[in-house]
Structure formats: structure tokens, C-alpha cells
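Residue-level structural notes
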There are 2 protein chains.
Amino acid sequence: MPKLGMEPIRREALVKATIAEIGEHGTLGVTVSQIARRAGMSSALAHHYFGGKEQIFVAAMRYTMGVYAAEVRGALVMATGPAERVEAVVRASFSPRNFRADTVAAWLNFYVLAQVSDEARRLLDIYHRRIRSNLCHALRDPLGARAWPVAERVAALIDGVYLRQSLGHGTPDGDAAVEQVMGYARLELERAPT
Amino acid sequence: MPKLGMEPIRREALVKATIAEIGEHGTLGVTVSQIARRAGMSSALAHHYFGGKEQIFVAAMRYTMGVYAAEVRGALVMATGPAERVEAVVRASFSPRNFRADTVAAWLNFYVLAQVSDEARRLLDIYHRRIRSNLCHALRDPLGARAWPVAERVAALIDGVYLRQSLGHGTPDGDAAVEQVMGYARLELERAPT
DNA sequence: TTTCTTTGATTGACGAGTCAATAAAAACCA
DNA sequence: TGGTTTTTATTGACTCGTCAATCAAAGAAA
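A quick note: this is a predicted structure, and the numbers were derived from the prediction, not measured. (Residues numbered from 1 in each chain as written. Chains lettered and ligands numbered in written order. Predicted model: local features only at pLDDT ≥ 70, side-chain atom pairs only at ≥ 80, totals over all residues. Heavy atoms only, no water.)

What follows concerns the interface of chain B and chain A. Accessible area lost during the coming together of the parts is what is often quoted as the interface size. Contact with chain B, which involves 38 residues of that partner, is made by 38 residues of chain A. Of the roughly 3,300 Å² buried where chain B meets chain A, counting both sides, 61% is carbon and sulfur surface. Counting across the interface, chain B meets chain A through 4 salt bridges. Close ionic contact of D159(B) with R164(A) constitutes a salt bridge, the shortest N to O distance being 2.9 Å. Elements that contribute at least two residues to the side of chain B that touches chain A include exactly α6 (101–114), α7 (118–143), α8 (147–167) and α9 (174–190) of chain B. The leading source of residues in the side of chain B that touches chain A is α8(B), at 11 residues. Per-class residue counts for the side of chain B that touches chain A are 18 nonpolar, 11 polar and 9 charged. (Contact = heavy atoms within 4.5 Å. Buried area = accessible area lost by both parts, 1.4 Å probe. Salt bridge = Lys/Arg side-chain N within 4 Å of Asp/Glu carboxyl O. Helix = DSSP H or I, 4+ residues; strand = E, 2+ residues; numbered from the N terminus. Nonpolar A, V, L, I, M, F, W, Y, C, P; charged D, E, K, R; others polar.)

Structure (C-alpha cells):
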């Protein structure tokens, strides 16, 4: 059975199982055994490859952020002009995938962890920096010096709307979320001339 | 020792101890014993008065929200005019108290719990409805029909900015947070004429 | 005495992380 | 080629610790 090169396969299986398990239970209070069982291996193997539960979860979050970053890049290549570029970032943030219960649970628990785990905090910083950079880049041309504060506000608005859509009643509505954020973005772009 | 009317005293002590303990550990993974010890009683008594850990935490969150609501009301009575009323709500949301580590920890864990606990979800709904109502009321006069979507956006912006300030580097800056939100609010108020 | 308060002790269970031991593939060697 | 060693993969069993929740019983006021 033991074939070579199992490590990356096991790691990915664990990462995906972690997200699924946290999505089902809502909490980080899932056990390594549950995650390992879902990934089809013993808990000892999970510890062998990752070291501990927190490291497994951070890896899972890194994965989630990677997928999100890819979504953003994918949307950006088809965008022309500032408004479209901003909308690309916003749309990616509110994609169906990001509103799935497991993704939401991952993010919420990630925020909790970021309070106390340096590694998680670092990862969160990367997310903040990336989205800020993407938005700034899109806004720099039309807004000039105002690009920075507007980007910051759009980023915060994305997070806030995401939170409310995720925890509100009923199924989250991605299009409505996009409109909520773009409503502000367009306002800034229309009064553009710096 | 057993005097009458201990119940409210014990409950309050437990609620405050819960917030302090979660603030110190960051997580809901604190034990009932830790909370009870901090509140100066046995864990059995905590169970006696609240039933279980989740109920203790929900009570703690209800308390936190109550304090916040009082802050908002206090700020509102001194406000005249739409802009000031909005700013009152925003300022209260970013008061030093709300940026204390224990309050932040309470809110973040509350979001996690709201995914799976009906009681927590109901409480979160109350928060959403209240802030929406306060902002709508402040904006209805100058913005008319546009009051609702703008209020929703301001509310989301508050949550988003709060999240970023709390989990960003360094000490949260309440004034900067207020300015970030009011920057948008004023934009809407200036183009006011419906 | 009745009622409220309080806790020590207990139950019954679970969990993270470790370790020694097994299994199998690959690399080395003759 | 056949045999042997090394490396990687894998897990069952175990340690040590924890914890939520219960309960019977005791202390004290009404």
C-alpha cells in the first residue's frame, strides 16, 4: 500500500476534509480524528503530516484563500476600465463558492483564530494586503490620491456585506451583495475628477 | 452565607467573567470551571443558574449588546440633524469599550456561534434590526426612499471596518474608523436631494 | 420546616499528541 | 537477477489530561 509521494495527496485530502468538517460543525471544535476519518486515514497520520490541529486549519485557510485569489485573478483578466476591475474583485468575493456554508464557517473561525495565532494573523494580513492592492490598482487612475481611502472602504464594505449576507436569513444573494458594494464604488467613480 | 436573591448577582458575575475569560483566551473553548472560578463560585453553581455553557455565553452576549445599545441611545440624545445622528451611531459602535480585546473576542465568537445556535442567531438579528432602524430613522428625512439601502450599507461598513480595525496591526483607532464610515455617509448626504 | 444557595465528588466521556511496530516500495549491491 | 538495506507510509494502542453535566448533601435564612 505505501506508495511514494503520498504526502501531497494526504495533505490535500486533509485540507479539504477540514473545510468540510468545520462547515458541518460550524466550529473549530472539530476533532483531528473526525477530520482524518473524513479524509480516509488515521488521526496519527494527520498529526504526522501537519503536526497539530491549528496547523491543519491554517493550511486549510491558506488553501481557501488561494482559491479565492484565483477567482479574483480570473475575473480581473476580463475586466477593462476601473469600474469593471472593481466589480471583478467584488464579484469574486461574493461568488457562490464563497457563500457556501463551509467557506463561511472557515472564514468566521479564521477571524477568531487570528486573534491569537501569529500564523493566522499573518495570513489574514496577506488577504488584506492583496485586496487593498487590487482595489487600489483599479482606482488609482480615475481617483488619484483618493484611491487609497476608497479602496479601504470598499474592502471593508465587502467584509461587512459578506458577514451580513452569510449570517442573515435565507440564502445569501451574491448579486444583491455585489450591487450593495458597487453602489458605493460607482458613487466615488462618478464624482471622479480629482 | 446563602442569602436570598443571590441569583441576579451570580448571573451578572458569571456574565462578566465569561466576557473577561473569552477575552483572555480568544476562544469559546474556555471551560465553565474557568468562568466560574473567575466569578468566585463553583462550576456546579454556574450550571445551576444557566444550564450550560452556551446559555452562559448567549447571556454574556446579550449583556454586551445591551451595553452597546445604551451607548447608542446615549449618543443619539445629543444629536441634532441627520449627519449627527448617523455619526452618533457610528461613534458608539467604535467606542473604546467596543475595541477592548474582550469585546472583540465576544463578537467574533458570537458570529461563529450564530451559524449553529438559534438563540445566538436571534440575538444577532436583533442587533441587525436595531442598527438598521436607528440609521434608517436618521436618514429617512434627507434621503427618503434611498434611506434603506444607504442604512444597510452604513451598517455593513461599520461591521467591516470594525473587523479590520480589530484584527489589523496595532491598536484600533476609533476616530479613524468613524471617519472611514462617515466619509461614505457624508457623500450620500451631500448629494441628498431625493 | 421549608426554601434557596452552594459545593465536593463523581460520572462518563472525549481528545490531542506520541510511539513503537508493521508494511511496502525503492535503492543499493553483488 | 535475487537479495538486502534504506526510506516512506501507516496505524493501533496508549498517555495524560480535560471537561460538561449531575447529584446528593450540607449550610443558612425565612
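Sites flagged by UniProt as "DNA-binding region" (unreviewed entry) map to residues 31–50 of chain A. Helix makes up 75% of residues 31–50 of chain A and strand 0%, whereas the separation of the span's terminal C-alpha atoms amounts to 14 Å. (UniProt positions renumbered as here; feature names shortened; annotations may be inferred.)

Right, let's talk about helix α1 (residues 6–25) of chain A for a bit. Side chains three or four residues apart in an α-helix point the same way, a direct result of the helix having 3.6 residues per turn. Residue and element names in this part refer to chain A. Along its 20 residues, α1 runs 28 Å from first to last C-alpha, staying within 8% of the 28 Å computed at 1.5 Å per residue. Turning to α1, its buried residues are L14, V15, A17, T18, I19, E21 and I22. Against the buried residues of α1 lie α2 (32–38), α3 (43–50), α4 (53–77) and α6 (101–114). The first or second residue beyond α1 is G26, which carries a positive phi of 85 degrees. (Expected span 1.5 Å × (residues − 1). Buried < 20%, exposed > 50% of the residue type's maximum accessible area, 1.4 Å probe, protein only.)

Core analysis: the biggest nonpolar cluster contains 144 residues, and F94(A), W107(A), F110(A), F94(B), W107(B) and F110(B) have the highest contact counts within it. Once residues lying within four places of it in the same chain are set aside, the contact partners of F110(B) are F57(B), M61(B), M65(B), A120(B), L123(B) and L124(B). (Core = buried A, V, L, I, M, F, W, Y, C linked by side-chain atoms within 4.5 Å.)

Each copy of the sequence occupies a distinct position, and chain B is placed on chain A by a rotation of 180 degrees and an axial shift of 0.0 Å, giving an RMSD of 0.0 Å. The operation mapping one copy onto its partner corresponds to a two-fold rotation axis. In terms of proximity to the rotation axis, the leading residue of chain B is G160(B), whose C-alpha is 2.0 Å off the axis. With an isologous cut-off of 70% or more, the 100% of interface residues of chain B that recur at the interface of chain A puts this contact in the isologous class. (Least-squares fit on C-alpha atoms with pLDDT ≥ 70 in both.)

What follows deals with the pattern of salt bridges. Counting across every chain of the model gives 32 salt bridges over all chains. Where D102(A) meets R100(A), a salt bridge forms, and the shortest distance between an N and an O atom there is 3.1 Å. For R164(B), the salt bridge identified is with E152(A), shortest N-O distance 3.7 Å. Highlighted residues: R164(B) in helix α8 and E152(A) in helix α8 (residues 147–167), drawn from two different chains. For the pair shown, R164(B) and E152(A) are each scored as buried. Because the salt bridges share partners, they merge into one network encompassing R132(A), E152(A), D159(A) and R164(B).

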